[in-house]
Amino acid sequence: MQDRSARVTTAHLVLLLAARPSEGPSRLGVVASKKVGGAVQRNRAKRLVREVFRTSAELFPGGVDLVVIVRPGAHSLKLDEARREVAGVAQVLARRAREVLRK
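Reading guide: rules and limits
- In this convention, every chain numbers its residues from 1, walking through the sequence in written order.
- Only residues with pLDDT of 70 or above have their local features reported here, since the model is predicted, and side-chain atom pairs are shown and tallied only from 80 upward, although totals for entire chains, interfaces and linings are computed over all residues.
- In computing side-chain values, all of the structure's heavy atoms are included and hydrogens and water are not.
- We call a set of buried residues a nonpolar core when its members are Ala, Val, Leu, Ile, Met, Phe, Trp, Tyr or Cys and they connect through side-chain atoms within 4.5 Å of each other.
- Throughout, exposure labels follow a simple rule: accessible area from a 1.4 Å probe, protein chains only, divided by the maximum for the residue type, with under 20% read as buried, over 50% as exposed, and the rest as partly exposed.
- Where helices and strands are cited, they refer to DSSP runs of H or I of at least four residues and of E of at least two residues respectively, numbered from the N terminus.
- Here, two residues are considered to be in contact whenever any of their heavy atoms come within 4.5 Å of each other.
- Aromatic rings from Phe, Tyr and Trp, with only the six-membered ring used for Trp, were paired whenever their centres fell within 6.5 Å, and each pair was classed as stacked if the ring planes differed by under 30 degrees, edge-to-face if by over 60, and tilted otherwise.
- Any carboxyl oxygen of Asp or Glu within 4 Å of a side-chain nitrogen of Lys or Arg constitutes a salt bridge here.

## Some remarks on the nonpolar core
Inference 1: One finds L13, L15, F60, L66, V70, V86 and L93 to be the most contacted residues of the largest nonpolar core, which totals 28 residues.
Inference 2: Elements represented by at least two residues in this core include exactly strand 1 (6–9), strand 2 (13–19), strand 3 (27–32), helix 1 (39–55), strand 4 (64–70), helix 2 (79–87) and helix 3 (90–102).
Inference 3: Here this core takes 5 residues from helix 1, the largest share from any one element.
Inference 4: Once residues within four sequence positions are removed from consideration, L13 is found in contact with V8, V49, V68, I69, V70, R71, E85 and V86.

## Comments concerning the packing of aromatic side chains
For any pair of aromatic rings, the description consists of the separation of the ring centres together with the inter-plane angle of the planes.
Inference 1: Counted according to the given criterion, the structure contains 1 aromatic pair.
Inference 2: Seen from their ring centres, F53 and F60 are 5.1 Å apart, and the 55° between their planes marks the pair as tilted.

## Side note on the pattern of salt bridges
Inference 1: According to the stated counting rule, one finds 4 salt bridges in the structure shown.
Inference 2: Residues R27 and D65 are paired through a salt bridge, measuring 2.8 Å at the closest nitrogen-oxygen approach. With a gap of 38 residues between them, R27 in strand 3 and D65 in strand 4 connect regions that are remote in the sequence.
Inference 3: Of the residues examined, R27 reaches a relative accessible area of 42% and is grouped as partly exposed.
Inference 4: We classify D65 as buried; its relative accessible area is 14%.
Inference 5: Counted as one network, the salt bridges with shared partners bring together R20, R27 and D65.

Geometry only, nothing functional implied.
Quick look at the structure:
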């Protein structure tokens, strides 16, 4: 996916966007390596990203597959902090999604 996707980075997340092979709502995949921390920290960070995706769907462009790579320190974010981090790059996400869907 990384070779045909667009990348948007924040302090705690790397977001990769790729065009969906078929019609339908956006899909989310979350990756957290051991650099993030132990299993508890990795799982908390992944739950946090999934919750932001679920509750703030308007921040994410439609018609794309989204893979979020969690960076170290993400597990210590509060939900509002994570939402603000994604909201800060929402316009960039929309622009990159349009570029990916045009290809």
